[in-house]
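Fold and geometry: a report
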Amino acid sequence: MSESRPQVALFVTCLVDLFRPVVGFAAVALLERAGCTVSVPAAQTCCGQPAFNSGDRADTKAIAAQTIEAFEGYDYVVAPSGSCGGMIAKHYEELFDDDPALAARARDLAGRTHELISFLVDVRGMTDAAAAYDGVVTYHDSCSGLRELGVKQQPRALLSAVEGLQLNELPGAEICCGFGGTFCVKYPDISNNMVGDKTADIESTGADTVLAGDLGCLMNMAGKLSRDGSKVRVRHVAEILAGMTDEPPIGAGTAE
Amino acid sequence: MKSTSPQFKENARAALANDTLQAALNKMESGFVVNRAAAAARLPEFEALRDQGRDIKNHTLDHIDFYLEAFEAKVREAGGHVHWAATAEDARRIILEICRSVDAKTVTKGKSMIAEEIGLNDFFEANDIQPVETDLGEYIIQLRNETPSHIIAPAIHVLKEEVAETFHEAHSHLDPARSLEEPRALLDEARAELRQKFIDADVGITGANFLIAETGSSVIVTNEGNGDLTQTLPKIHIAVASLEKVVPTLEDATVLLRLLARSATGQEFSSYTTFSTGPRRPEDPDGPEQYHVVLLDNGRSSMLGTETQEALRCIRCGACMNHCPVYGSIGGHAYGWVYPGPIGSVLTPSFIGVEDGRHLPNASTFCGRCEAVCPMRIPLPKMMRHFREQVFEQKLSPATERMGLGLWAFFARRPALYRWATGLGIGLLAVLGRRRGRFRALPFAGGWTQYRDLPAPHGKSFQQQWTAKGGRRAREK
């Protein structure tokens, strides 16, 4: 039955796994809604970007090889992140230019790997996630998803079908929020300036909630918004689309 | 030019605290960025043109020895001279000798980043020759004793009010009560001041956007016409250019010109595009008596055949810095050497070494906007990553950073141990942070919590919860 019910492996991503499990459950729910059978291979940790972008090629290769192994045999691999999805789909192969066998497996994995929302729309043909949200949202385009994987219209298409939701476009939506993985802690002053520009743009939309498809960016924006005392809430777009908004927004506590 | 790249972090902090600089930088998104996007959208074949431009440069770089020699032969044929300068010092010496041959006192200069790279102005002054910058932006920063902070808009960091102040101070022979409020007044005054200098100059020095092997021509593009006056009025025209400026044919140059103006300023073509071929011929009404080309290597040939060769495709349009959010935050001077922005983050470690230049390729979020707009499709993030690998291999990054990465990688390479350790850690954080949902400060997280709260995890990890609910771990058979 794998023709009609594709076998999808969820690449949870390390940040979702540790900081925002609800995004993982939202991804599973959406994938099942799209007619997929979802598994979560146990032998996954991180896509390897912290090592890759820090110039540590040996550790990157080891982590990539382990990921390639863990995700073999699935029809698709889906990540609720354009950044991690982009790492697997666009960068794994180049790591193994000295190892044709692994390079071939990396290429095969790359062809099966997708960012969650673009997978739902482009591969599974989803046009309506059957969700409702009473409020005004704005959407930030995370860099890797946008520029490496072409994630742009897909989240907007699904959001426009959410009952009760109004989307106010974010000025400068395609400009980086200043997260950049380890960048934000290595160059905190510059990062702060960038995220400050971003949160000012977010406030200007009048939205009650800002959404994006990558938890790194979301935690950065949420951390800045809450530090500045903003009332704007922050959520992963999958939470809205899956209707999983019982969990407090990112950076908000049970006390609020 | 002396580098302050090793002090990048301090430079950046100072730039962020500089309100006039911040005001100047905030205009970039609404200017350059919007104009480039509109120009690209108006030309249906723009993306195809980028492919073509990339291919022309790749072909040229693969056969650069052939095209440079062909260029030299054509320049000679037209009665000009070509000088090969392996280093900045060689280039300065050659230029000085040419200037001395006519006992030059004043030299006018068109805008040239190569002249910046070889520190030509300071060298001239040390040798009793007065250099006069004739590009308005360059003229302004010369008066202010500054260096360019952008490769096509050298005075982008200066507000017009500051220019007025500088002009009042520098042009002390003019009426101190005159109004310099309007940009037009500033322009008119600079033009009037420069007019006599053009006529007095003994030598005119320009850069070159392209060198054409087919014809032996050097090409400059300007919007002010200053380059034309610089290269046609004095007795001698010296074009100083780096090796990779060569292209095979006129046709190739036109492809690149169409990309250059659109990518740089959003113009379809610059106001002036001038081709210089040899000195004045007997039938010419004007032009220099001597035409010299100084070809600078200064480390470029050692980039050929390496991971950084693709950076030599650069045509210096500045689009990468116009679109870079890091450049937009700190401006060009913070980068600490001649070339700022993403291309500078690749060229600087190439030229001054990875130890001094190590911050530049690291200070990027890899947002990819530079590569997305680069007319020559230079994979800038990939090249910055290449330097990060060198920094890592040579252990040039702080020990704490490398230790942290090593510790993380130790766990990330051992999934079972990773699940156990992260489960423990996240459980602890969740208990501590559950009520407020975030941390204002946390040990070892100062880089983050200095400016931002850290959102707290809410409970058990996804993996723990998935196991607890008996979620599927392997594909359906």
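Residues numbered from 1 in each chain as written. Chains lettered and ligands numbered in written order. Predicted model: local features only at pLDDT ≥ 70, side-chain atom pairs only at ≥ 80, totals over all residues.

1. Points about the sheet that holds strand β8 (residues 246–247) of chain B
Residues and elements named next belong to chain B. Spatially, β8-β5-β6-β9 is the arrangement adopted by the four strands of the open sheet, whose pairing is mixed. Of all the strands in the sheet, the pair left with one neighbour each is β8 and β9 (272–276). As defined by bridge partners, strand β5 (residues 210–212) adjoins strand β6 (residues 217–222) across three bridges and the pair is classed as antiparallel. Looking at the pairing, I212 lines up with S217 of β6. The sheet strands contacting helix α13 (residues 250–264) are β5, β6, β8 and β9, and the helix crosses β5 at an angle near 165 degrees. (Pairing = 2+ DSSP bridges. Helix = DSSP H or I, 4+ residues; strand = E, 2+ residues; numbered from the N terminus. Contact = placed C-beta atoms within 7 Å. Axes fitted to C-alpha atoms, helices over the stretch in contact; angles between N-to-C directions.)

2. Section: the environment of A:R57
Among the structural elements, A:R57 can be located in helix α4 (residues 57–70). Along the chain, A:R57 and A:L95 lie 38 residues apart, while their C-alpha atoms are 7.8 Å from each other.

3. Digging into the interface of chain A and chain B
Interface extent is often summarised as the accessible area lost during association of the parts. Between chain A and chain B, the contact holds 66 residues from the first and 55 residues from the second. Class assignment of the residues belonging to the side of chain A that touches chain B gives a composition of 33 nonpolar, 21 polar and twelve charged. (Nonpolar A, V, L, I, M, F, W, Y, C, P; charged D, E, K, R; others polar.)

4. Brief notes about the sheet that holds strand β7 (residues 209–212) of chain A
Residues and elements named next belong to chain A. Read from one edge of the open sheet, four strands run β6-β5-β7-β8, paired in parallel fashion. Edge positions in the open sheet fall to β6 (163–167) and β8 (233–236), since each of these has one partner strand only. Each adjacent strand pair in this sheet contributes to an overall mean axis angle of 35 degrees, direction not counted. Pairing of strand β5 (residues 132–139) with β6, which is carried by four bridges, proceeds in the parallel orientation. Looking across to β6, one finds that V137 is bridged to L167.

5. Examining the domain arrangement of chain B
What the domain assignment lists for chain B is domain 1 (1–42 + 322–397), domain 2 (61–145 + 197–301) and domain 3 (399–468). Between the C-alpha centres of domain 1 of chain B and domain 3 of chain B the distance comes to 31 Å. (Domains from an automatic or database assignment.)

6. Description of helix α5 (residues 64–77) of chain B
Residues and elements named next belong to chain B. Relative to the 20 Å expected for 14 residues at 1.5 Å per residue, α5 spans 20 Å between its end C-alpha atoms, a close match to the ideal helical length. For α5, the complete set of buried residues consists of Y67, L68, F71, E72, K74 and V75. Across the axial projection of α5, the buried residues extend over an arc of 165 degrees, all falling on one side. Among the exposed residues of α5, those oriented more than 90 degrees off its buried face are D65 and E77. Tucked into the core, α5 has its buried residues touching α4 (46–62), β1 (81–85), β5, β8 and β10 (290–296). (Expected span 1.5 Å × (residues − 1). Buried ≥ 20, exposed ≤ 12 C-beta atoms within 10 Å, placed from the backbone. Arc of directions from axis to C-beta.)

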